[in-house]
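Letter by letter, the chains look like this.
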Amino acid sequence: MKALMKGACLVFAVLMLSVTGYTQSVMTGKISDSDGKPVVGASVGIKGKNTGATTNASGNFRLRVSVGDTLMLSSVGFESRQIVFRKAADLTIKLTQENKILSDVVVTGYKSQVKQEITGSVTSIKMDKITEGQAAESFGSLLQGRVAGVNVQINSGEPGATPAIIIRGLAAVSRGDASAISEPLYVVDGIPIISRMSSEFAVTSTNVLADLNPSDIEDVVVLKDASAAAIYGSRAANGVILITTKKGKRGKPQINLNIRTGVNFVPQLRDVAGGIKEREQVKSLYDLYAPYGLSMPEMYTDVTNPFYNNSSDWQGYLYNTSVTQDYNASVRGAGDFGQYSISMGYMDSKGILFNTGFKRYSLMASTSFNALKNKLIINNTLAVSRTDQSRNQDGLKVSHSSLLPLPDNPLVQGAEVYKPGHESNLNDRVRFSSDATLNLARNLAYKASLSLEYLRTMFDSLAVSRRTLKMGNKSVAGENQNLLFQNTVTYTPKFGNGHSLSVLLGQSMEKTEGKLTKVSSVSDAPGLSQTVNWPQGNSIGSSNYGASTLMSYFSRLDYSFQQKYLLGASIRTDGSSKFGKANRWGVFPSISAGWNFYKEDIFANAGWLTNGKIRGSYGLSGTTWDNNYLALGIMDGGVLDRYNSLIQIAYGGISGFTPTWLDGFKNDNLTWVKTNMANLGVDLTLFKGKVEFIFDAYEKVTKGLLLSTSLPTTSGYNEVYRNAADVLNRGLEFTVNTNMRFGSDFTWSTNLNFAYNKNRVIRLPDGNADIIKTSTSGQDFGSIVRVGAPLNGFFFYESQGIYQAENQVPVDPKTGKRLLGLQSKNLQVGDRNFKDQNGDYRIDVSDRVYSGDPNPKWNGGWTNDFTYKQFSLNLVTTFVIGRDIVNTALLDRLKMDKNFAGSSSLPNFDNYSIWKKSGDNARYPTLNPWSDATQVINYDSEYIEDGSYFKIRSATLSYTFNKKFMQRLPFERMRIYCTADNLVTFQKYSGPDAELVTIDGFDMSGGYPMRRMLLFGVSISL
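Residues numbered from 1 in each chain as written. Predicted model: local features only at pLDDT ≥ 70, side-chain atom pairs only at ≥ 80, totals over all residues. Heavy atoms only, no water.

Regarding its fold elements, the chain presents eleven helices and 53 strands. Sorting the 1022 residues of the chain into buried and exposed places 50% on the buried side. When the accessible area of the chain is evaluated, it comes to approximately 47,300 Å², of which 57% is carbon and sulfur surface. (Helix = DSSP H or I, 4+ residues; strand = E, 2+ residues; numbered from the N terminus. Buried < 20%, exposed > 50% of the residue type's maximum accessible area, 1.4 Å probe, protein only. Areas by Shrake-Rupley, 256 points an atom, 1.4 Å probe, with all protein chains shown as cover.)

Now the structure itself:
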């Protein structure tokens, strides 16, 4: 019996050991998504044990488990799961993708937030899909039409040109002809960057933001309201754009290549009367208007001239099809140690106009390391780039007479007619940042960061005058650097039943410096040297230096109860060396609240409602100005005389300085520009994320804009700068996103956004006196800033057509004298009929009126993505509605002085309604080059046109190879694509392109149209 019992015990022990051995075995499992695709980098842990694993490229993992263990599974973008292990089949696991609309983590000011908890007006854009199929010099142009309330204004098709990005309406006032731009603050990986050179230190014409390779950007977040942006204080009044660059992700190292080549085509150009047509038009003008005895130039009458029958197509010669090349490569990965990322890029975009183009060389490397059992995280980023923009000299244009010969030497291409030379614009940028985050305790972390940005800009030009045969050289070198040190402490406790808190305390110190050196020389004769030649001729040099500092303290608090009731508040105080002594420090508070009403019990059974949130905010942010020492008064150390000799200011034989007459008056009361913004928003997500609707209404009041105001001459100064102008912007923003699936193979997603903005001036200095914008030389540019009206309205004469008969010219009944035209011209048939606004029977400046608004009332875009199996089609459209623009291009071509013949190309008069004889119902007046007062003037309302347009910006067709095909290749993923860019524009504007206008509404594109491009590319992942 005892033996039997011992045997039974032995068998039981063996069975127990067997079971124990089985439950403690190393098991293999696999994790996939709902479509059966492997989930790479998913984390697998055991509850209560310090063991875990990560899935490989096939979604497999190995882990020692026991029966009854609870497996905890998580991966970015998927809902977390817990599974109790009973048998081997339990290790074949599927994860469900999260509702991204609700769970996306968005980078905001100095922190990240779950989208569901955001109470401000924030828009996030994933850049991967955008940059993979499009080649662009700057990420700014890629934002066009993608964010409600963000107007990306492009005024030239030249490679490397700088677009203007305006968030929620223009809020900048200037007296000069250069349009003041209310530019946002750009922050890259948490570091504010140098985005635009101040006019004082501007060296090159290149877009500074083009230094950043768009292919290196992970996502872009636009902070539009004050509650989101106020944490950046005195630089956030015009919004903030946060840029996060790509980092390594868990899993095996990812090697990506993107190779693309594009062909740039010349779009439809301006009409030109060539050859015989030009001679006929010139002869007609001489026959109609030339004084008796004045003969036509020989080039029109000399039949022995070999170019008499010539018709040189200057546009066809200088505009040519060109090529764009863009290559990007990266290696990224991550593990328990941290992450690494290295990327390189090269872009060469040849311009469609001779001797223009843009090149970019970029390198970015980032690493992060975990130490002290992940309690310490150290991040380092180094970015190096060079951009090279080549441009033509000012004299190189396509507007020469078609009867002039084309050059026959292909090496000089136009140098026989235009002044030879070159212009080079180089930007070199180095950006280094390092930060360390120490987790002091649970939910408590301290972060210190140091960043240095260095930007060197270089401009070189060589120009030779064909008339004087003199040669001029000019070189300018500038250096800008920004040193920033920041400290933050964050505390994120959770307590009670669903209470969560996030507290941020921070401090930063920043110093910005700028240096500038200019040298130039003039030689009596052309030389071989392309650099400044000191021994010969007159040479002159100058230098400049400026610096500013900023000390800041900031704090932010966010509270959430069960993610249902949300509250946020922030405050920042900035001390700037630019502010006046009386206002050295500025305080910028904000408050916001949100209610996720879909979590209420009443909506518990509303399956159609996935998310619903109401949010509101109010806050104060600021803006400062470029000049570092304006509040102190600008000093003058001397001027150059006409011989380029320096006349120094001296007293008693000792040189010195004196305050300048224009801006030397000291004003201790100068302070930051204040922007108060209120925002009300609604977010709705319907039908399990298939439809998303976002609505925002805002009011933005910008107070204390900087303007010069007049002083009495007895003061010894001409003017003083004051915070003296206010601008109001009110608007509505709408965004609709959809994500539809039809069957198992076809999907269609859309993004439609449009925004309404009403802009008006509410205060000006000098008793709200109108500001007629003029250049430094006093030239009137036809723009007005007036209280109660939108910014930069057109201040023109009101056209009433053309006088068709003598009796149409008004007569003063008191004097019997006829209405006098501009420049006291006796009006006659064929002249412009301008309205006499004040009834004094004289047309002069007092008859000009507010004639148009260049600010768009509506702007937006519509993006569509179609996917069928491995094929996908992406369509991007943009539009602007309710904007007036001036057809300056046509106006300048119709202006002709007495020496017009042979000087430039002429438009084909047959295409324009020009008055020639009585009875003509013409739009444009007589073209009489010998008239005492030309009727083709800058301030004619007839040239104001509707600037609305709808543009198909791009269409991208792509194919992603399936798994079966990829098994034959050493690649993990391969996608080929073709993109057509700038396809077609629908517009009423009679000029070339309604998009290419300045902020204040003038077609000043300089004859550089927007090219059309056909881009071919392949994207490979190894």
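Take the sheet that holds strand β15 (residues 217–223) next. The five strands lie next to each other as β10-β15-β16-β13-β14, forming an open sheet whose pairing is mixed. In the strand order of this sheet, the two ends are held by β10 (122–126) and β14 (191–192), each with one partner. In this structure, strand β13 (residues 185–188) lies alongside strand β16 (residues 240–245), joined through four bridges in parallel fashion. Looking at the pairing, Leu185 lines up with Val240 of β16. (Pairing = 2+ DSSP bridges.)

Here we come to the pairing of strand β11 (residues 150–153). Residues Val150 and Val152 point to one face of β11 and Asn151 and Gln153 to the other, with burial holding for every one of them. Relative to strand β12 (residues 164–167), β11 is paired through four bridges, and the arrangement is antiparallel. Bridge pairing in β12 places Val150 opposite Ile167.

Turning our eyes to something else, we now look at the sheet that holds strand β3 (residues 52–54). What the four strands build is an open sheet, ordered β3-β2-β5-β6; its pairing is antiparallel. A strand with exactly one partner marks an edge of an open sheet, and here the two such strands are β3 and β6 (81–84). Going across the sheet, the axis of each strand differs from the next one's by a mean of 20°, ignoring polarity. For strand β5 (residues 70–74) and β6, the ladder comprises four bridges, and the chain directions are antiparallel. Following the sheet pairing, Leu73 is matched in β6 by Arg81. (Axes fitted to C-alpha atoms, helices over the stretch in contact; angles between N-to-C directions.)

Ranked by size, the top nonpolar core spans 38 residues in total, and within it Leu894, Phe900, Leu927 and Tyr943 carry the most contacts. Looking at this core, the elements with two or more residues in it are α6 (276–289), α7 (298–301), β43 (793–797) and α10 (888–894). Sort the elements by how many residues they give to this core and α6 lands first, with four residues. Those residues within four positions of Phe900 in sequence are excluded, and the remaining contacts are Val282, Leu285, Tyr286, Pro929 and Trp930. Among the nonpolar cores identified, the runner-up in size contains 24 residues, and Val152, Tyr186, Leu209 and Met364 belong to it. (Core = buried A, V, L, I, M, F, W, Y, C linked by side-chain atoms within 4.5 Å. Contact = heavy atoms within 4.5 Å.)

A few words on a nonpolar patch on the surface. On the surface, Ile342, Met344, Leu363, Leu382, Val384, Val430 and Phe432 cluster together into a nonpolar patch covering about 560 Å² of accessible area. For the nonpolar patch, the secondary-structure elements that each account for two or more residues are β19 (338–350), β21 (376–391) and β22 (421–441). (Patch = residues over 30% accessible without salt bridge, like charges linked within 9 Å, V, L, I, M, F, W, Y side chains within 5 Å. Salt bridge = Lys/Arg side-chain N within 4 Å of Asp/Glu carboxyl O.)

Another aspect to go through is the confidence of the model for the chain. Detailed reading of predicted coordinates is not advised where the pLDDT is low. For the chain, per-residue confidence averages 85 on the pLDDT scale, and residues scoring 70 or more make up 87% of the total. Counting contacts from residues 7–23, a segment whose pLDDT is below 50, to residues more than four positions away or on other chains yields six contacts. Taken together, the stretch residues 409–418 has pLDDT below 50 and engages in 25 contacts with residues farther than four places along the chain or on a different chain. (pLDDT = per-residue confidence, 0-100.)

Quick look at the packing of aromatic side chains now. By convention here, two paired aromatic rings are described through the distance between centres and the angle between planes. Enumeration over the complete set of coordinates arrives at 31 aromatic pairs. With a centroid separation of 6.2 Å and 85° between ring planes, the pair formed by Phe139 and Tyr186 is classed as edge-to-face. You can see Phe139 sitting in helix α4 (residues 139–142) and its partner Tyr186 sitting in strand β13, a full 47 residues away along the chain. We classify Phe139 as buried; its relative accessible area is 0%. A relative accessible area of 1% places Tyr186 in the buried class. (Phe/Tyr/Trp six-rings, centres within 6.5 Å; stacked < 30°, edge-to-face > 60°.)

In this structure, Asn374 is a non-glycine residue whose phi angle is positive, near 65°. Of note, Asn374 is situated in the loop between β20 (357–371) and β21. Judged by its relative accessible area of 45%, Asn374 is partly exposed. The phi angle at Gln562 is positive, at roughly 55°, despite the residue not being glycine. Taking relative accessible area as the criterion, Gln562 reaches 31% and is therefore assigned partly exposed.

Turning to empty space enclosed by the protein, a few remarks are in order. If you walk through the whole model with that rule in mind, you get ten cavities of 30 Å³ or more. Around the largest cavity sit 33 residues that line it, and Glu137, Ser141, Asp981, Met1010 and Arg1011 are the ones nearest its centre. Secondary structure elements with two or more residues in the lining of the largest cavity: α4, β19, β52 (973–987) and β53 (1012–1021). The residue inventory of the lining of the largest cavity, partitioned by class, reads 14 nonpolar, twelve polar and seven charged. Looking at the second largest cavity, its volume works out to about 220 Å³. (1 Å grid on protein atoms, 1.4 Å probe; cavity = no way out; pocket = protein on both sides within 12 Å on 5 of 7 lines; lining within 4 Å. Points joined across faces, edges and corners; volume = space filled by probe spheres on them. Nonpolar A, V, L, I, M, F, W, Y, C, P; charged D, E, K, R; others polar.)

Another aspect to go through is the side chain of Asn151. Here Asn151 lies in strand β11. Given the relative accessible area of 12%, Asn151 is considered buried.

Okay, α6 next. In this model, α6 (14 residues) spans 20 Å end to end at C-alpha, consistent with the 20 Å of a helix rising 1.5 Å per residue. By the burial criterion, the buried members of α6 are Glu278, Arg279, Gln281, Val282, Leu285, Tyr286 and Tyr289. End-on view of α6: buried residues confined to an arc of 165°, all on one side of the axis. Those residues of α6 that are exposed and aimed more than 90 degrees away from the buried face are Ile276 and Asp287. (Expected span 1.5 Å × (residues − 1). Arc of directions from axis to C-beta.)

As a further point, take the pattern of salt bridges. Within the structure shown, the criterion is met by 47 salt bridges. Between Lys249 and Glu218 there is a salt bridge, and its shortest N-O distance comes to 3.8 Å. With Lys249 in the loop between β16 and β17 (251–265) and Glu218 in strand β15, this pair connects stretches of sequence that are 31 residues apart. Given the relative accessible area of 55%, Lys249 is considered exposed. Each of the salt bridges in this network shares a partner with another, and the network as a whole consists of Lys613, Arg615, Asp683 and Asp696.

With that settled, the discussion passes to the pairing of strand β9 (residues 111–114). Of the two faces of β9, only one is covered, namely that formed by Lys111 and Gln113; the face formed by Ser112 and Val114 stays uncovered. Summarising the sheet, strand β8 (residues 105–108) and β9 pair through four bridges and their orientation is antiparallel. What sits directly across from Val105, in β9, is Val114. Counted between consecutive antiparallel strands, the loop separating β8 from β9 contains two residues, among which Tyr110 sits at a positive phi close to 65°.

A contiguous patch of positive charge on the surface is contributed by Lys30, Lys37, Arg741 and Lys963. Take Lys37: it is sitting in the loop between β1 (26–32) and β2 (43–46). With a relative accessible area of 46%, Lys37 lands in the partly exposed category. (Lys, Arg positive; Asp, Glu negative; His and termini not counted. Charge placed at Lys NZ, Arg CZ, Asp CG, Glu CD.)

What follows is about the side chain of Thr735. Within the fold, Thr735 resides in strand β39 (residues 719–742). Apart from residues lying up to four places away in sequence, Thr735 is in contact with Ala148, Glu692, Phe693, Ile694, Asn751, Leu752 and Asn753.

Another aspect to go through is the environment of Ser931. As for its placement among the helices and strands, Ser931 is situated in the loop between α10 and β50 (944–946). With 640 residues separating them in the primary sequence, Ser931 and Pro291 have C-alpha atoms 10.0 Å apart. Here Ala933 takes part through its backbone oxygen, which lies 3.1 Å from a polar atom of the side chain of Ser931. (Polar contact = N/O pair within 3.5 Å; in protein donor to acceptor, adjacent residues only side chain to side chain.)

This brings us to the environment of Gly274. Position of Gly274 among the secondary structure elements: in the loop between β17 and α6. Relative accessible area serves as the criterion here: at 27%, Gly274 is assigned to the partly exposed category. In this structure, the C-alpha to C-alpha distance between Gly274 and Pro907, residues 633 residues apart in sequence, is 8.8 Å.

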